[in-house]
Amino acid sequence: MKEKELEISLDILRINMKPQMLRFAEEYVKNSNNGTQTAKKAGYSEKTAYSQVNRLLKNDKVSQFINISQQLNIHTSLKRSDIIRKLEEMIFNESGNAQIKAMEMLINMNGWNAPAKTEVIHNGELNILNERLNGMSKEEIEREIKQLSNELN
């Protein structure tokens, strides 16, 4: 296949793959030395990561993605700052589901999402944060998110 055809095939696979499966395939292309670590990076649990590797590598879409990527010699890593910038653009320029999805992705990417189990020790700071957010407009909250994002990078 010609390079352009390979790129189109890769784009079609990206569209048709589940997000976690795509993350695994992209990570595997970057560093296939340790499939279990790759599965963990893609979000599979510590307990199932090893068995997921075998299942994922047998999946037609995953194996095609890896094969085509290797043919194109594409390393799918983007700079973290580029991804954050694009998500911020979506948050500020989109509306509805696209805006919400961009916010969720930014939250997950920066580890701001709550863990599955949370032990809450109340020290009064939550009330202060809640009062602060309640008094802010949507634009002020968006600026705060952008500022926090900049501080993390």
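Only a predicted model underlies this, so the values are computations on that prediction, with no experimental measurement involved.

**Section: the confidence of the model for the chain**
In low-pLDDT regions, the fine details of the predicted coordinates are not to be read closely.
Turning to step 1, where the next piece is worked out: Chain-level pLDDT for the chain is 78 on average; 75% of the residues reach the 70-or-more range.
Turning to step 2, where the next piece is worked out: Ranking the elements of the chain by mean pLDDT puts helix H8 (residues 125-134) last, at 55, and helix H4 (residues 49-58) first, at 92.

**Remarks on the pattern of salt bridges**
Turning to step 1, where the next piece is worked out: If you walk through the whole model with that rule in mind, you get four salt bridges.
Turning to step 2, where the next piece is worked out: Salt-bridge contacts for aspartate 11 lead to arginine 14; the nearest nitrogen and oxygen are separated by 3.2 Å. Of this pair, aspartate 11 and arginine 14 are both found in helix H1 (residues 3-16), three residues apart, which corresponds to roughly one turn of the helix.
Turning to step 3, where the next piece is worked out: Classification of aspartate 11 as partly exposed rests on a relative accessible area of 40%.
Turning to step 4, where the next piece is worked out: For arginine 14, a relative accessible area of 27% gives the class partly exposed.
Turning to step 5, where the next piece is worked out: Its salt-bridge partner being glutamate 26, residue arginine 14 comes within 3.9 Å of it at the nearest N-O pair. Of this pair, arginine 14 sits in helix H1 while glutamate 26 sits in helix H2 (residues 19-30), and the two are twelve residues apart along the sequence.

Conventions adopted
Residues numbered from 1 in each chain as written. Predicted model: local features only at pLDDT ≥ 70, side-chain atom pairs only at ≥ 80, totals over all residues. Heavy atoms only, no water. pLDDT = per-residue confidence, 0-100. Helix = DSSP H or I, 4+ residues; strand = E, 2+ residues; numbered from the N terminus. Salt bridge = Lys/Arg side-chain N within 4 Å of Asp/Glu carboxyl O. Buried < 20%, exposed > 50% of the residue type's maximum accessible area, 1.4 Å probe, protein only.

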